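Analysis of the macromolecular model
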Amino acid sequence: RILVIGASGQIGVELTLALRKIYGNNNVVASDLREENELLKGTGPYVSIDVMNKEMLHVQVIRQNITQIYLLAAILSATGEKNPNLAWHLNMQGLLNVLDIAREEKIYKVYWPSSIAVFGPTSPKQNCPQQTIIEPTTVYGISKYAGEFWCNYYHQRYHVDVRSIRYPGLISYKSAPGGGTTDYAVEIYHEALEEKKYTCFLREDTYLPMMYMPDAIRATIELMEAPAAQISIRTSYNVSAMSFSPKEISAAIKNYIPEFSISYEPDYRQSIADSWPQSIDDSVAGKDWSWKPEYDLDKMTKDMLENLRQQ
Ligand code: VAH
């Protein structure tokens, strides 16, 4: 049985729904500290879990007969800079609690997301490779990079089959993002439909690696279903789909909403965005488990606007 921790978050909602479709509703236990997201209600079991309470988590893993754990609970980059200690503590201790329980209970597989936020200003800006200079400058990036090494350690020393992906900025319509620097790329679609205008907190030429949620969910499941022998990276895989700037996404939106207009008021998130690469080399994921994206900026824009209009 699968336990999703952080199931009411931006990734958690969609991953829980996708896993339930594949493995059956009752075989995927959703959990979060927050109350159950509306979209999850009635689709399967839901338990309240605080990932920081290792004993309680351990009891639930045994009581719910859990054999796989997806740990999505985390404080993201922008919120993390406002609460460095909380971000470090939750992101780090949450992962260590899960890895240790996975070791003790011989959990079959663990999934834990990292992020392109591990890269810092000294990493290559274009086609940033899987292995390169990695010096994170946000608490979120520091916690994710440290977490990657803990995953590798638990795999090497205790043979825990933990797998990880460095997600780019993720864009979705089913669930709201939570405190990221790339969240402008979600807000802009909502405001384009509601207000026909958007004030962007990043400069117009801020290129960032991005991915549509359907691609991110499929990448996660394809990685988790790949034979262990094909997995050569036990820190975390670079994956990528597209890179765009606020200027480019607003031009894509204008193709569907001609009267849409954008203005720019960069804030503290600009320096976070400027510290990250503009594009990612994901050739190792392509070689090891045949990763290939399906959505580009225009295909995502069309799908986002169609689905948001129906909400
Ligand atoms: C954030 N959405 O902005 C997350 C992600 C690469 C960005 O890690 O913090």
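None of these values were measured; they are calculated from a predicted model. (Residues numbered from 1 in each chain as written. Predicted model: local features only at pLDDT ≥ 70, side-chain atom pairs only at ≥ 80, totals over all residues. Heavy atoms only, no water.)

Nonpolar side chains in soluble globular proteins tend to end up buried together. If you look at the biggest cluster of nonpolar residues, it comprises 41 residues, and the most contacted ones within it are I171, Y184, Y189, F244, I249 and M300. Breaking this core down by element, the ones donating at least two residues are α5 (139-158), α6 (184-194), β10 (197-200), β11 (208-212), β13 (242-244), α8 (246-254), α9 (269-274) and α11 (297-310). For this core, the element with the most residues is α6, which contributes seven residues. Residues in contact with Y189, not counting those within four places in the same chain, are I171, I249, I253, L297, M300, T301, M304, L305 and L308. (Core = buried A, V, L, I, M, F, W, Y, C linked by side-chain atoms within 4.5 Å. Buried < 20%, exposed > 50% of the residue type's maximum accessible area, 1.4 Å probe, protein only. Helix = DSSP H or I, 4+ residues; strand = E, 2+ residues; numbered from the N terminus. Contact = heavy atoms within 4.5 Å.)

Attention shifts here to the sheet that holds strand β9 (residues 169-171). An order of β9-β11-β13 is seen for the three strands of this open sheet, with the pairing classed as mixed. At either margin of the open sheet sits one strand with a lone partner, and together these are β9 and β13. Each adjacent strand pair in this sheet contributes to an overall mean axis angle of 45°, direction not counted. Here three bridges tie β9 to β11, and the two strands are oriented parallel to one another. Its bridge partner lying in β11, G169 is registered against M210. (Pairing = 2+ DSSP bridges. Axes fitted to C-alpha atoms, helices over the stretch in contact; angles between N-to-C directions.)

This part takes up the site of the ligand. The ligand sits among L76, S77, S115, I116, Y140, Y167, P168, G169, G180, T181, T182 and W276. Here an oxygen atom of the ligand sits 2.6 Å away from a polar atom, N or O, in the side chain of S77. Protein chains shield 95% of the accessible area of the ligand, which is 270 Å² for the free molecule. Residues of the shell around the ligand, tallied by class, amount to six nonpolar, six polar and no charged. (Near = heavy atom within 4 Å. Polar contact = N/O pair within 3.5 Å; in protein donor to acceptor, adjacent residues only side chain to side chain. Areas by Shrake-Rupley, 256 points an atom, 1.4 Å probe, with all protein chains shown as cover. Nonpolar A, V, L, I, M, F, W, Y, C, P; charged D, E, K, R; others polar.)

With 20 residues, α5 extends 27 Å between its outermost C-alpha atoms, agreeing within 8% with the 28 Å of an ideal straight helix rising 1.5 Å per residue. Among all positions of α5, only V139, Y140, G141, S143, K144, Y145, A146, G147, E148, C151 and Y154 are buried. Phi turns positive, to about 60°, at H159, one or two residues after α5. (Expected span 1.5 Å × (residues − 1).)

Looking now at the packing of aromatic side chains. For any pair of aromatic rings, the description rests on two quantities: the centre-to-centre distance and the angle between the ring planes. The final tally for this structure, using the stated rule, is twelve aromatic pairs. Between Y212 and Y295, the ring centres sit 4.8 Å apart and the planes meet at 70°, which makes this aromatic pair edge-to-face. One end of the pair, Y212, is in strand β11; the other, Y295, is in the loop between α10 (283-289) and α11, with 83 residues separating them in the sequence. With respect to class, Y212 is no different from Y295; both count as buried. Aromatic pair Y237 and W289: ring centres 5.6 Å apart, planes at 85°, arrangement edge-to-face. Here the residue Y237 occupies a position in strand β12 (residues 237-238), and W289 occupies one in helix α10, the gap between them amounting to 52 residues. (Phe/Tyr/Trp six-rings, centres within 6.5 Å; stacked < 30°, edge-to-face > 60°.)

The next subject is a negative patch on the surface. There is a patch of like negative charges on the surface, built from E187, E191, E194 and E195. The class for E191 is partly exposed, based on a relative accessible area of 31%. (Patch = residues over 30% accessible without salt bridge, like charges linked within 9 Å, V, L, I, M, F, W, Y side chains within 5 Å. Salt bridge = Lys/Arg side-chain N within 4 Å of Asp/Glu carboxyl O. Lys, Arg positive; Asp, Glu negative; His and termini not counted. Charge placed at Lys NZ, Arg CZ, Asp CG, Glu CD.)

With that out of the way, let us pick up the confidence of the model for the protein. Residues with a pLDDT of 70 or more make up 100% of the protein, whose mean pLDDT is 97. ipTM for the predicted complex: 0.97, alongside a pTM of 0.97. (pLDDT = per-residue confidence, 0-100.)

Okay, the sheet that holds strand β8 (residues 165-167) next. Strands sit in the order β6-β8-β12 across an open sheet of three strands; the sheet is parallel. Strands at the two margins of the open sheet, each flanked by one partner only, are β6 (114-115) and β12. With respect to the sheet, helix α7 (residues 213-225) is in contact with β8 and β12, its orientation differing from that of β8 by roughly 175°.

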